[in-house]
Amino acid sequence: MGMDFELLHKIKGVIECPNPDKDIRRFDANLRLFPPFIDNDLCPLTIKNTLLQSCYLRNTEWACGVAVYTGNETKLGMSRGIPEPKLTAMDAMIDKLTGAIFVFQIVVVMVLGIAGNVWKDTEARKQWYVLYPIEGPWYELLVIPLRFELLCSIMIPISIKVSLDLVKSLYAKFIDWDSEMIDQDTGIPSHATNTAISEDLGQVEYILTDKTGTLTENRMIFRRCCISGIFYGNESGDALKDVKLLNAVAGSSPDVVRFLTVMAICNTVIPIKSKTGAILYKAQSQDEDALVNAAARLHMVYVNKNANILEIRFNGSVIQYEVLETLEFTSDRKRMSVVVKDCQNGKIVLLSKGADEAILPYAYAGQQTRALVEAVEQYAQLGLRTLCLAWRELKEDEYQEWSLMFKEASSTLVDREWRIAEVCQRLEHDFEVLGVTAIEDRLQDGVPETIETLRKAGINFWMLTGDKQNTAIQIALSCNFISPEPKGQLLLIDGKTEGEVCRSLERVLLTMRITSSEPKDVAFVVDGWALEIALKHYRKAFTELAILSRTAICCRVTPSQKAQLVELLKSCDYRTLAIGDGGNDVRMIQQADIGVGISGREGLQAARAADYSIGKFRFLKRLILVHGRYSYNRTAFLSQYSFYKSLVICFIQIFFSFISGVSGTSLFNSVSLMAYNVFYTSVPVLVSVLDKDLSEGTVMQHPQILVYCQAGRLLNPSTFAGWFGRSLFHAIVVFVITIHAYAFEKSEMEELSMVALSGCIWLQAFVVALETNSFTILQHLAIWGNLVAFYVINWVFSAIPSSGMYTIMFRLCRQPSYWITMFLIVAAGMGPVLALKYFRYTYRPSKINALQQAERMGGPILSLGNIEPQPRLMEKEVSPLSITQPKNRNPVYEPLLSDSPNSTRRSFGSGAPFDFFQSQSRLSSSYSRNCKDN
């Protein structure tokens, strides 16, 4: 509706809209204006008429509107919410270990509390200097257990959470600062939005990836077409340079003109004329942009759009069309249509474009579509994206009748989308299919190498795409996603009914079980229809299939199905990573353990919703192998070391209680304990974020060592038991040597405390130094500088008379026995640890030790060998007959589900699996022959 700017302030009316909701894809409302503008007539409003909060205006300098929702009731405000925190596998393990230490702490407190009360009642009252009263208050039995609770409270290091949050923030900054992950084409750097899950990158087991814009460039190029059964561009590979097509355009061939007309105006593209006079197109999708530009190069130029009037220039003449209705594309209909009126002759025409299954079945009776079907198959085999274009002339009364229904459906506030789809179906039929377009979407640089490298790292890949099956398979072949015969084998799960899907799924499962022990890359492909049935009725069997297969291609899937597949793999306790570039990938990205968004040509929706954003798919290799692996290794050491240093000081307190009457007396004062956790032992371990057990080049060259991270071999109950034993041993060493060196010399309590604390600090320094793989200046300063700082701080306190430590450190440092004690503590504490480490490194080296030795020697490792991952067992074993039919099952399929050993099952075992080098017809005939032979 056109209106003068001066009349805007005089508008009066009502907007009928639903209550605020968080669905940013829909806005079903009506605008009712009062006279004199429109007499109580309804104007439907959709999301196309809506400006969301925080959006930017494009292609216009200003816009006038009415605020419908404000504040927290806006769609973005309600959908913003609080994102569900993601718990990493390491965080879950740390929580379990913390729980185990807490139980141990309670047991220690109870045992020592009981022992203390028993000693007090049997021995302490006999000693005159203790001065215990004969009768105490009623709570006296709780005093000693509470003392031990205070002593043992440091068993669980409270600082571990602070330390982990700090180093995780540094991990995220390392990703942001990585110059090798900057997209040189766009200058877009990588960015970590979520700073809490970096170590999960090193434990990824499944990557679920979109195709268009993720594996490919999403830079569409019009390559070939088929018009009325005639193929263009097959010889040259570029239809725009095909002489036959150029001659047909010059001769104004009716079929070609109609085909180009649909290409030019069946879209939502907006032409904009630049200052130089050139026409630029603003398109919502790259496909539409490619089609409109291709039509322009073939002299069907989309010149201007003024309100609902479109101007097309073809071979020097200008043609005008009036857009009557636009039938938007939906994932259910898989097509988009416009109803236009030719301003020259007044004819009303329906123009449609969409997927082949959404156009070809609706061709008018009698049209020969065999050549078009062959064109679709041929182009798909080449990995090209196909669209079918169609045309239908409408009668005036037919359009008017349908227009009323469409307007009514567009104005309803309940189930508007469903009502509109139903009305569109009444018009979108009896098409005259004009032809097929083929658009090339090239692979991004480095995609095949990235997938091959990550496969060596033990990571499985699933491709989730909305494209055709053949197109997806060809792209998968070209990017090393699947292997060709004889190394690889592709199995097909298809069917439109529950019975067909059941038989297909059963056949694939049996083949998977047979080939699981063979060195063969077996993958399966499933379309969205069969996937919906499988997830609904045969979820357990499909779950087993997901566990058996390292590779899957899911075609024609919806955004919700992508999220369901992620949830399926997560339910099997796999760590999943989802990567995509468009708004249809957001649900999948948010559902996965790790979401990665590519800042691509489809906008920043995926990148903003993701935990990490990168510029190109190839950066995923470095993100996982370098940043993910380093983060895992560093966090594993930091978390276990934090428990270790707290347990050492706590065990010393416990041992001291045995020579202090089990009274719960503390050997250390509160200031020393606080400084021990906050200053003396925290700084050295924080610089472990710079530690690298292997160089980046070695890690990228030998990706199979990621298996150590995936299997959690650096942080598990076994490794934690080693650190627990080390803490107990070091506490015994410090306590025994300190007691023997000073307790029998009748030293002051403060001196004994300081000697024991000094022994702990010396041991911590050597432990951190021993566990450090690559030293830098900062690490040397942190380890040895921290040791020097310990003495400087205590010298300062020893110089203050009121500190309680007056002259203690001065006296100790002047005694040779103090330094001999420190030497004995370090020698006795680190000697066995060094011996064990040498034994493991020399006689039982791991693959990582071999690489470390090669780096030190400067020699290359030609073959690292295979590292076998730990086998994954299903929580509940799925039997060969686990596929259960729904309650209202068809009796025709009873033999398949029978428990009888003589059932039809045996025929499926010998049937040939689907091979992507065979045509579907060959598959059907071959499979039926095998069934008959059996």
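So, here is what we can say about the structure in this document. (Residues numbered from 1 in each chain as written. Predicted model: local features only at pLDDT ≥ 70, side-chain atom pairs only at ≥ 80, totals over all residues. Heavy atoms only, no water.)

**Observations concerning the overall build of the chain**
Here's step 1: In terms of regular secondary structure, the chain is built from 33 helices and 23 strands.
Here's step 2: Out of the 934 residues belonging to the chain, those deemed buried represent 50%.
Here's step 3: Contacts in the chain between residues at least 24 apart in sequence constitute 71% of all its contacts with a sequence separation of at least 6.
Here's step 4: Split by element, the accessible area of the chain, about 44900 Å² in all, is 57% carbon and sulfur. (Helix = DSSP H or I, 4+ residues; strand = E, 2+ residues; numbered from the N terminus. Buried < 20%, exposed > 50% of the residue type's maximum accessible area, 1.4 Å probe, protein only. Contact = heavy atoms within 4.5 Å. Areas by Shrake-Rupley, 256 points an atom, 1.4 Å probe, with all protein chains shown as cover.)

**Quick word on the environment of Leu-824**
Here's step 1: Its location among the elements puts Leu-824 in helix α29 (residues 816–843).
Here's step 2: Assessed through its relative accessible area of 40%, Leu-824 is described here as partly exposed.
Here's step 3: Distance in space between the C-alpha atoms of Leu-824 and Ile-737 is 7.5 Å, their sequence separation being 87 residues.
Here's step 4: Contacts of Leu-824, omitting those with residues within four sequence positions, involve Ile-737 and Gly-829.

**Structural notes on the side chain of Ser-753**
Here's step 1: By the element assignment, Ser-753 lies in helix α26 (residues 749–771).
Here's step 2: Assessed through its relative accessible area of 7%, Ser-753 is described here as buried.
Here's step 3: Beyond its immediate chain neighbours, meaning those up to four positions away, Ser-753 contacts Leu-667 and Phe-668.

**Focus: the pattern of salt bridges**
Here's step 1: According to the stated counting rule, one finds 34 salt bridges in the structure shown.
Here's step 2: For Glu-16, the salt bridge identified is with Arg-32, shortest N-O distance 2.9 Å. Pair noted here: Glu-16 is in strand β1 (residues 13–16) and Arg-32 is in strand β2 (residues 29–33), with a separation of 16 residues, a long-range link.
Here's step 3: Residue class for Glu-16 comes out partly exposed when judged on its relative accessible area of 24%.
Here's step 4: The partner of Lys-168 in a salt bridge is Asp-91, with the nearest N and O atoms 3.1 Å apart. Residue Lys-168 is located in helix α4 (residues 159–177), and its partner Asp-91 is located in helix α2 (residues 89–122); the two are separated by 77 residues in the primary sequence. (Salt bridge = Lys/Arg side-chain N within 4 Å of Asp/Glu carboxyl O.)

**Considerations on the sheet that holds β1**
Here's step 1: The strand order across the open sheet formed by three strands is β1-β2-β3, and the pairing between neighbours is antiparallel. Edge positions in the sheet fall to β1 and β3 (42–45), since each of these pairs with one other strand and no more. Recorded for the sheet is a direction-independent mean angle of 20 degrees between the axes of neighbouring strands.
Here's step 2: Of the strand pairs in this sheet, β1 and β2 are connected by four bridges, and their pairing is antiparallel. Considered in β2, the bridge of Glu-16 is made with Asn-30.
Here's step 3: Contacts from helix α10 (residues 396–411) reach β2 and β3 within the one sheet, and its direction differs from that of β3 by about 65 degrees. (Pairing = 2+ DSSP bridges. Axes fitted to C-alpha atoms, helices over the stretch in contact; angles between N-to-C directions.)

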